[in-house]
Amino acid sequence: MSLIFPTAGSARILSKPISDIEMHRDIGYLPEQPYFYDYLTAAELLDYFARIHDLTAADRKERVQKMLKKVGLETAGKIQLRKYSKGMLQRVGMAQAILHDPKLVILDEPMSGLDPVGRREVRDIILELKRDGKTVMFSTHILSDAEMLCDRVGVIVGGKLRGVGAPAQLVDMKTQGMEILFELAGQSTAPLLAKATRTGDCYRLQVPEQDLYGAIEQLRAAGAKILSVSQVRATLEEFFMNLVEADRAQAAAVEVSEK
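Rules used in this analysis
All residue numbers here refer to positions counted from 1 along the written sequence of the relevant chain. Side-chain atom pairs in this predicted model are given and counted only at pLDDT of 80 or more, local residue features only at pLDDT of at least 70, and totals for whole chains, interfaces and linings cover all residues. Computation of side-chain values covers all heavy atoms of the structure but excludes hydrogens and water. Here a helix means four or more residues in a row that DSSP labels H or I, a strand means two or more in a row labelled E, and each is numbered from the N terminus. Here a residue-residue contact requires only that any non-hydrogen atoms of the pair lie within 4.5 Å. Expected span of a helix, by definition, is 1.5 Å for each gap between consecutive residues, and there is one gap fewer than residues. Exposed residues in this analysis have more than 50% of their type's maximum accessible area, buried residues have under 20%, and partly exposed residues fall in between, with area computed by a 1.4 Å probe over protein chains only. Taken from the helix axis, the directions to the C-beta atoms give the arc we talk about. Pairs of strands are assigned from DSSP output, requiring at least two bridges between the strands. Axis definition: a line fit to C-alpha positions, over the contact stretch in the case of helices; interaxial angles, taken between N-to-C directions, run 0 to 180 degrees. Angle categories are assigned with fixed cut-offs, so that under 35 degrees is roughly parallel, over 145 is roughly antiparallel, 65 to 115 is roughly perpendicular, and the rest are oblique. Each crossing gets its handedness from the near helix: less than a right angle anticlockwise from the far helix is left-handed, clockwise is right-handed. Amino acids outside the nonpolar list (Ala, Val, Leu, Ile, Met, Phe, Trp, Tyr, Cys, Pro) and the charged list (Asp, Glu, Lys, Arg) are all regarded as polar, and Gly is one of them.

Participant: What am I meant to see in the environment of leucine 129 here?
Facilitator: Its place among the elements puts leucine 129 in helix 4 (residues 116-131). Excluding anything up to four places from it in sequence, leucine 129 contacts Lys70, Met94, Ile98, Val105, Lys134 and Val136.

In structure tokens:
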């Protein structure tokens with residue numbers, strides 16, 4: 001983005017060096033904490049950015065309305081930004097990032113601080129950009145979002161790149177067991193119930209894959225109603241935490257040896 005400069009190394013975007021100013025025309029960018037003039041309406045803000053891209057008045061009007069519709073703000077385009085929620089402001093930010101139809105969209109923590117509705121809305125926009133053939137690169141601490149959205153991830157721990165690839169390649173995709181979700185009315189002394197976790201009216205029980213059918217029969221005999229059975233697999237979050245714990249253990253070992 002040419003906002004900070006490297007001390008060493010090189011980078012290329014769209015087969016061009018990052019020093020190529022022309023290449024930046026094909027990039028859309030949304031920082032984590034953008035500042036917008038909050039007395040402008042969403043339509044006025046997008047018109048301002050459209051002027052930067054040398055669009056004619058007619059093209060600006062058409063493009064602004066198209067972007068407002070794309071991010072679901074067509075009915076709120078004439079409302080001042082100071083009256084927007086954080087999720088709505090994030091959608092305006094997404095609209096300005098894609099206003100000029102870039103090939104690459106770079107987003108910094110696009111779902112940070114959003115409520116579940118706002119996160120869902122931003123995720124949907126990212127998926128739509130993906131379907132439109134855009135390359136979307138974003139940073140996030142919400143690893144479940146990265147696992148859900150990304151074809152390729154890079155995991156950074158302690159300032160170092162510790163893993164690159166598809167989420168399924170980074171984590172061990174072997175089945176770690178089976179989870180049974182069930183309901184149980186009344187009391188039961190079935191030994192399996194001692195291993196189950198209760199959430200509201202439901203119980204969750206994890207068993208080895210080879211013990212699945214035996215566990216289901218025991219639960220049925222105890223009067224349980226089986227709601228679902230699913231595989232338990234490793235997640236990107238577990239992969240990340242394993243790296244963090246390994247670093248902590250190494251740091252502790254170094255500290256002991258120095259003493």
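Participant: Whenever I open this one, helix 2 (residues 57-70) confuses me. Can you help?
Facilitator: Since the α-helix turns once every 3.6 residues, residues separated by three or four places project in the same direction. Over its 14 residues, helix 2 extends 20 Å from the first C-alpha to the last, a length consistent with the 20 Å expected when each residue adds 1.5 Å. Turning to helix 2, its buried residues are Arg60, Val64, Met67 and Leu68. One side of helix 2 carries all its buried residues, which in axial view fall inside an arc of 100°. Pointing more than 90 degrees away from the buried face of helix 2 are the exposed residues Ala58, Glu62, Lys66 and Lys69. Phi turns positive one or two residues past the end of helix 2, at glycine 72, with a value near 75°.

Participant: Just to check I follow, could you spell out the sheet that holds strand 5 (residues 135-139) for this structure?
Facilitator: Strand pairing within a sheet occurs via backbone hydrogen bonds; the two strands may be parallel or antiparallel. In spatial order, the strands read 3-4-5; together these 3 strands make up an open sheet with parallel pairing. Each edge of the open sheet carries a strand with a single partner, namely strand 3 (27-30) and strand 5. If you compare each strand with its neighbour and ignore which way they point, the axes differ by 15° on average. Summarising the sheet, strand 4 (residues 104-108) and strand 5 pair through 5 bridges and their orientation is parallel. Its bridge partner lying in strand 5, isoleucine 106 is registered against methionine 137. Packing against the sheet, helix 3 (residues 86-98) makes contact with strand 3 and strand 4, and its axis sits at approximately 160° to strand 3.

Participant: Is there a simple way to think about the packing of helix 3 against helix 4 in this case?
Facilitator: The axes of two packed helices give the description: the angle between them and the distance between them. Close contact between helix 3 and helix 4 brings their axes to 10 Å; oriented N to C, the two are set at 15°. With respect to helix 4, the axis of helix 3 lies roughly parallel. In the crossing of helix 3 with helix 4, the sense of the turn from one axis to the other is right-handed. Across the interface between the two elements, Gln90, Arg91, Met94 and Ile98 of helix 3 pack against Glu121, Val122, Ile125, Ile126 and Leu129 of helix 4. Classifying every residue of the contact of helix 3 with helix 4 by side-chain character gives 6 nonpolar, 1 polar and 2 charged.

Any link to function would need more than the numbers given here.
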